[in-house]
Structure formats: structure tokens, C-alpha cells
Amino acid sequence: MRRLKKCYVKTIDNRIPEGICGSGLVSAVSTFLQNDIIDSTGKFNENYFLSGFTFYKGVNISQEDIREFQLAKGAIRAGLEVLLQKADIKTVEKLYLAGGFGQNLNIRDASKTGIIPYLWEKKCESVGNSSLDGVVKYLSDKDARKNFYRIIDISREINLAEDSDFQSLYIKNMNF
């Protein structure tokens, strides 16, 4: 077996790995793609097809894990594309990534896996716990309250399951 071009494991507080988080899975899949461990359909190469890829004792990514990742990736990208279509948005100037996942996500790896379009890579900004920040701003800033209600007034719900384009975009976006 050849050596990986780039592979390292980082854990919270440098502890012994016990599992893998979502942002870690994104980086692992990106590394697998860059090193031909999986192909563009998500299939492990023959060295890993049966056993999966073991990072550490008990921490393994299986073929099933890759397939689950592809389902999530396909849904995220299809959802983004449908929302952009519905809002008639042609260009994205900024993509804010929120929460623990967004804060720890390696943007380049997310782009290489296709979760985030390649052209958006430099337009991404991690904003951490934006829901908590939003509550604080809402409670402490009168102008923020006005904007909050304005956003509610112009927002509309889009049921992706009922959208005619979602299914085809979902399938299109599953591969890498």
C-alpha cells in the first residue's frame, strides 16, 4: 500500500480518538478522494473495500459510512441549489457557516467533497454559535428587532420533499 499524501488525526484536548465527528468525516472523505482511497462514486478501492479505513483502534470508516455521507452531501447541495433557484440568486457573495459543525469544518475539504461549491470556497466564513449571538442581539438592540421581523415577513417555507427539482439535484450531487 502506498503512503497517504496527507493524513493526520486531531482530537479534542489531544485525547485518544474514540470516534469521528461530522467535520472530521468531511476531512477524511476529502483525504480519501485525494489519495484514491475512494473513487468519484464513493466506492473504496480494493485495499479498503471490505474492512474500511481504520484511523485508530476502534475508529473506522466503512463503505456504509461513505454512502451515508453521500446521502447527506447530496441533500445539502440539492437543498442549496433549490433555495438559490427559488430566490432567483445567481451569485453568492458570502456563505456563513454556523454551529459547531460550521466552526470546525475545513472549508477546502468541504469544497473538495462537493458539500460546498468550489467557487464558494473563498466566500465562506465561520460564525460560530450564531443562534445564541442572534438572541443576544435581538434582546439588546432595537434595530436588530426590526430586522428580525422584516426577515420573518419576507421569508417563506420551501418543502424540499415536494420540490420537483430536488430529487434530480439530490441524485446528481451524491457523487464526488
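A. Summary view of the overall build of the protein. From N to C terminus, the protein includes seven helices and four strands. Seen in sequence order, the protein has helices and strands lined up from the N terminus as α-β-β-α-β-α-α-β-α-α-α. Overall, the protein is about 60 × 40 × 25 Å in size when its C-alpha atoms are taken along their principal axes. Among the 176 residues that make up the protein, the fraction classed as buried is 32%. For the protein, long-range pairs separated by at least 24 residues make up 71% of all intrachain contacts whose partners lie at least 6 apart in sequence. In the form shown here, the protein has an accessible surface area of approximately 12100 Å², with 53% of it arising from carbon and sulfur atoms. Counting 25 positive and 22 negative side-chain charges, the protein places the averaged centre of each group 6 Å from the other.

B. Molecular detail of the layout of surface pockets. Of the volumes computed, that of the second largest pocket is approximately 270 Å³. Along the walls of the second largest pocket sit Leu-80, Leu-83, Leu-84, Ala-87, Ile-89, Val-92, Lys-94, Leu-95, Tyr-96 and Trp-120, which together make up its complete lining. No other element matches helix H2 (residues 63-86), which puts three residues into the lining of the second largest pocket. When the residues that make up the lining of the second largest pocket are grouped by side-chain class, the tally is nine nonpolar, no polar and one charged.

C. Seen up close, the packing of aromatic side chains. Within the structure shown, the criterion is met by eleven aromatic pairs. Aromatic side chains Phe-148 and Tyr-149 sit 5.2 Å apart centroid to centroid with 80° between the ring planes, which places their arrangement in the edge-to-face category. Residue Tyr-149 is classed as partly exposed on the basis of its relative accessible area of 43%. Aromatic ring contacts, followed pair by pair, group Phe-32, Phe-44, Tyr-48, Phe-53 and Phe-55 into a single cluster. Note that Lys-43 overlies the ring of Phe-49, its terminal NZ or CZ placed 5.6 Å from the centroid.

Basis of the calculations
- Residues numbered from 1 in each chain as written.
- Predicted model: local features only at pLDDT ≥ 70, side-chain atom pairs only at ≥ 80, totals over all residues.
- Heavy atoms only, no water.
- Helix = DSSP H or I, 4+ residues; strand = E, 2+ residues; numbered from the N terminus.
- Buried < 20%, exposed > 50% of the residue type's maximum accessible area, 1.4 Å probe, protein only.
- Contact = heavy atoms within 4.5 Å.
- Areas by Shrake-Rupley, 256 points an atom, 1.4 Å probe, with all protein chains shown as cover.
- Lys, Arg positive; Asp, Glu negative; His and termini not counted.
- Charge placed at Lys NZ, Arg CZ, Asp CG, Glu CD.
- 1 Å grid on protein atoms, 1.4 Å probe; cavity = no way out; pocket = protein on both sides within 12 Å on 5 of 7 lines; lining within 4 Å.
- Points joined across faces, edges and corners; volume = space filled by probe spheres on them.
- Nonpolar A, V, L, I, M, F, W, Y, C, P; charged D, E, K, R; others polar.
- Phe/Tyr/Trp six-rings, centres within 6.5 Å; stacked < 30°, edge-to-face > 60°.
- Lys NZ or Arg CZ within 6 Å of the ring centre and 35° of its normal.

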